[in-house]
Amino acid sequence: TSTYDYVIVGGGATGLSLAVRLSEDPTKTIVVLEAGNSGIGNPNITNLRLNANNFGTANDWQFVTIPQVDVGNRIQAQVQGKVLGGGSAINSGMYLRGNKQEYDALESLGATGWNWDSMFAAVKKSEHFHPPTQAEVDTFNMTWEPAFHGFDGPISIAIQAVNVSHFFPDFAVPTLKNLGHEMNIDPNGGFHNGPYLGFSDYTTGLKHPLICCVRILSPGHQSHESPLTASGVEYISFNETGIPETRTINAKNVILSGSTLNTPKVLELSGIGDPAILNGLDIDVVVDLPGVGANLCNQPITTASYLIKNGTVNAGNAIRSAIIDFQPFSGYLSGEDLERSNQLLETKPDLLSEAQFNIMKAQINAGVPQMEFAWNIAADANNVSTLTFDRLILVKPLSRGTVHINSTDPLVPPVIDPKYLSAPHDKFAFAKGVQFTRTIVDTEPLKSIIVGPVVPDATVQTDEDFVNYVNTISVSEHHFVGTSAMTPRSEGGVVDPSLVVYGTSNVRVADLSVIASLPGIHTVSLAYMVAERAAEIIKEQDT
Ligand SMILES: Cc1cc2nc3c(=O)[nH]c(=O)nc-3n(C[C@H](O)[C@H](O)[C@H](O)COP(=O)(O)OP(=O)(O)OC[C@H]3O[C@@H](n4cnc5c(N)ncnc54)[C@H](O)[C@@H]3O)c2cc1C
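Residues numbered from 1 in each chain as written. Predicted model: local features only at pLDDT ≥ 70, side-chain atom pairs only at ≥ 80, totals over all residues. Heavy atoms only, no water.

Let's shift gears to empty space enclosed by the protein. A complete count under the given rule lists three cavities of 30 Å³ or more for this structure. Here the largest cavity is characterised by a volume of approximately 60 Å³. Lining the largest cavity are Phe329, Met360, Ile364, Gln370, Leu394, Lys396, Pro397, Leu398, His425, Asp426 and Ala429. Of all the elements in the fold, those that place two or more residues in the lining of the largest cavity are helix 11 (354-365) and helix 12 (424-441). The leading source of residues in the lining of the largest cavity is helix 12, at three residues. Estimated volume of the second largest cavity: approximately 40 Å³. Surrounding the second largest cavity, Leu296, Cys297, Asn298, Pro300, Pro397, Ser399, Pro418, Tyr420, Leu421 and Asp426 form its lining. (1 Å grid on protein atoms, 1.4 Å probe; cavity = no way out; pocket = protein on both sides within 12 Å on 5 of 7 lines; lining within 4 Å. Points joined across faces, edges and corners; volume = space filled by probe spheres on them. Helix = DSSP H or I, 4+ residues; strand = E, 2+ residues; numbered from the N terminus.)

Below, the structure is given as structure tokens:
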């Protein structure tokens, strides 16, 4: 049996991008194990507008959380890509980058070399920006800064242009201006405050067999003093009749790219993790690493919609989230609310590290965006138009949760407990964000064409009503990070700045689980950053 140079577990956004870069060296042999199907020829994957058709299908892991105590004990569905391309194959294609401070924070938390400069260079390497045509520029007032973009990478990026309703230039932009929210000419260069036209990426799945990696193999590893050296991985392969067969792959390097929710499972099944979890399942502790599966972070999301006066706008066939407005707390909280925010920020939420808490508070004070307001307009069959803030997202929550196995059966899903809105400040700031949409529609020129609220309806008025609204309606975004954090081992870290799992010599993690603190964005650009940086590091170290 042959020994590959690299086995990459997970052919998702990070894993595939990394495989492409590593395969640039023709002397290296690489195998990618992907648990899901191929997306080849599937229009639900190639057409961004149909992405939701994948939810609940074989292309989705169909995870659910345990009951979420702070949002009415609701169990929430957690869509996650289980198809070549992973999340990037079934996502909505929105493409965003955060503020410089948010990447520099990763280095402050212990990820030496992972800062805005290195990650900006990495993401430009991954990018093939397609500038808009002159006609699109003229029609939609598009702006962009060439220095913020890469033009030779594999990931195509463009500004969304098709069928944008006149509502946006005529009503949305002037209203935002009257609220003091000035347009951002290009949010991709390390400052994404303010409204801008949506950027998109266009990635699609590829072809592959059905394979699910179970655990890392480390034959003969006896001593807990010396680092574990993996010889490859064990995986289950389903044959044509659906019968599972256990097989192995030998490799000099193991790279886990199964995503924030899946990678802890492979580590824990391999005996790498929190002894309290492993002992309970009679799994031998090979590496004592309590940070595996901890520090789980994701964003809460909800919507609000308003009826538009008949005949005042032509909704046309506008695309989703045509304008996205990212605001710091000072952009939507009143003076009194800011005082309340400061009071709530005096107490560190459970499970959030002191280091992260301090950094996040500094970012809040520096005006880093905390809330996303995405604007969309649509008309029904009777041409009744509705303005929907289709993504109201608290983009940098303080709440932290966990994901762990509770079975040694590799086919049993992990226990996912993100503890949504468990930090009191999260609930306050999120509910206030939803409430702020009432201020937006009460501002001219929008005010003159709004009939009134649809969802939440007009009975929802007080602070308490809005808190109840988010408790009962909000769901979770798909932007998980943090469960194999790149922080010092003594602070709950799982990987070092070279992405090597502590206590091992040749096991790396390269997916979004390594990002200790979430930039306030949609996360696929981060996956490309991690992949490009990982490729640079691995190529340099493995010469
Ligand atoms: C529905 C949805 C919509 C989204 N919308 C956007 C958006 O519009 N814009 C944006 O920026 N981001 C979006 N995201 C987020 C973005 O797609 C993810 O952050 C990104 O894909 C994460 O990359 P990853 O490499 O960490 O994991 P993934 O891309 O999820 O890849 C992990 C891969 O590993 C495979 N895998 C897992 N475990 C195993 C195993 N044991 N053996 C073999 N294979 C395994 C999985 O099947 C999967 O293909 C969205 C995500 C989802 C799910």
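Going through the model one piece at a time under the given rule, you end up with 16 salt bridges. The salt bridge involving Lys432 is made with Asp337; its shortest N-O contact spans 3.3 Å. Placement of Lys432 in helix 12 and of Asp337 in helix 10 (residues 335-344) is noted, with a sequence separation of 95 residues between them. Residue Asp337 is classed as buried on the basis of its relative accessible area, which comes to 14%. Note that Glu477 is salt-bridged to Arg391, the shortest N-O span being 3.8 Å. In this pair, Glu477 sits in the loop between strand 21 (475-476) and strand 22 (507-509) while Arg391 sits in strand 17 (residues 385-394), placing the two residues 86 residues apart along the sequence. Neither residue differs from the other here; Glu477 and Arg391 are each classed as buried. Because the salt bridges share partners, they merge into one network encompassing Arg21, Glu24, Glu532 and Lys539. (Salt bridge = Lys/Arg side-chain N within 4 Å of Asp/Glu carboxyl O. Buried < 20%, exposed > 50% of the residue type's maximum accessible area, 1.4 Å probe, protein only.)

This part covers the domain arrangement of the protein chain. Domain annotation of the protein chain identifies domain 1 (3-93 + 204-295 + 481-541) and domain 2 (132-199 + 300-395 + 422-473). Distance between the C-alpha centres of domain 1 and domain 2: 32 Å. Each partner contributes to the interface: domain 1 provides 19 residues, whereas domain 2 provides 22 residues. When the two sides are added together, the surface that domain 1 and domain 2 hide from each other amounts to roughly 1500 Å², 41% of it contributed by carbon and sulfur. Considering only the side of domain 1, the residues that lose the most area to domain 2 are Arg49, Asp70 and His522, jointly responsible for 33% of the buried surface there. The interface formed by domain 1 and domain 2 holds zero salt bridges in total. On the surface where domain 1 and domain 2 come into contact, there are six residue pairs in polar contact (both at pLDDT 80 or more). Taken together, the residues of the side of domain 1 that touches domain 2 break down into seven nonpolar, eight polar and four charged. (Domains from an automatic or database assignment. Contact = heavy atoms within 4.5 Å. Buried area = accessible area lost by both parts, 1.4 Å probe. Polar contact = N/O pair within 3.5 Å; in protein donor to acceptor, adjacent residues only side chain to side chain. Nonpolar A, V, L, I, M, F, W, Y, C, P; charged D, E, K, R; others polar.)

With that out of the way, let us pick up the environment of Thr246. Within the secondary structure, Thr246 sits in strand 11 (residues 244-256). Note: C-alpha distance between Thr246 and Ile185 (61 residues apart in sequence) is 53 Å. Non-local contacts of Thr246, meaning those with residues more than four positions away in its chain, are made with Glu234, Tyr235 and Ile236.

What follows concerns unusual backbone geometry. For the peptide bond that leads from Glu444 to Pro445, omega is 0 degrees, which places it in the cis range. By secondary structure assignment, the location of Pro445 is in the loop between helix 12 and strand 20 (450-455). Omega for the peptide link from Val455 to Pro456 comes to -10 degrees, which places this bond in the cis form. Inspection of the secondary structure assignment puts Pro456 in the loop between strand 20 and helix 13 (463-473).

The next point concerns the packing of helix 10 against helix 12. Two elements in contact, helix 10 and helix 12, have axes whose closest approach is 9 Å; the angle formed by their N-to-C orientations is 160 degrees. With respect to helix 12, the element helix 10 is oriented roughly antiparallel. Seen along the crossing, helix 10 lies across helix 12 with a hand that is left-handed. Together, Asp337, Arg340, Ser341 and Leu344 of helix 10 and Pro424, His425, Phe428 and Lys432 of helix 12 make up the contact between the two elements. Of the residues contributing to the contact of helix 10 with helix 12, the split by class is three nonpolar, two polar and three charged. (Axes fitted to C-alpha atoms, helices over the stretch in contact; angles between N-to-C directions. Parallel < 35°, antiparallel > 145°, perpendicular 65-115°, else oblique. Left-handed = near helix turned anticlockwise from the far one by under 90°.)

Here we come to the side chain of Gln76. Topologically, Gln76 is positioned in the loop between strand 3 (63-64) and strand 4 (77-78). Gln76 sits in the buried class, given a relative accessible area of 4%.

For any two aromatic rings, the description comes down to two numbers: the centre-to-centre distance and the angle of the planes. Per the stated rule, a full pass over the model turns up 15 aromatic pairs. Ring geometry for Phe167 against Phe168: centres 5.2 Å apart, planes inclined by 85 degrees, an arrangement best described as edge-to-face. A single burial state applies to Phe167 and to Phe168, both of which are buried. Grouping aromatic residues by their ring pairs yields a cluster made of Phe167, Phe168, Phe171, Tyr306, Trp375 and Phe389. Positioned over the ring face of Trp61 is Lys82, at 4.5 Å from the centre of the ring. (Phe/Tyr/Trp six-rings, centres within 6.5 Å; stacked < 30°, edge-to-face > 60°. Lys NZ or Arg CZ within 6 Å of the ring centre and 35° of its normal.)

Right, let's talk about the nonpolar core for a bit. Ranked by size, the top nonpolar core spans 126 residues in total, and within it Leu18, Phe167, Trp375 and Leu446 carry the most contacts. Sorting elements by how many residues they give to this core places helix 14 (residues 524-541) first, with eleven residues. Taken domain by domain, this core gets at least three of its residues from each of domain 1 (3-93 + 204-295 + 481-541) and domain 2 (132-199 + 300-395 + 422-473). Listed in part, the seven residues of the second largest apolar core include Phe63, Leu296, Tyr420 and Phe480. (Core = buried A, V, L, I, M, F, W, Y, C linked by side-chain atoms within 4.5 Å.)

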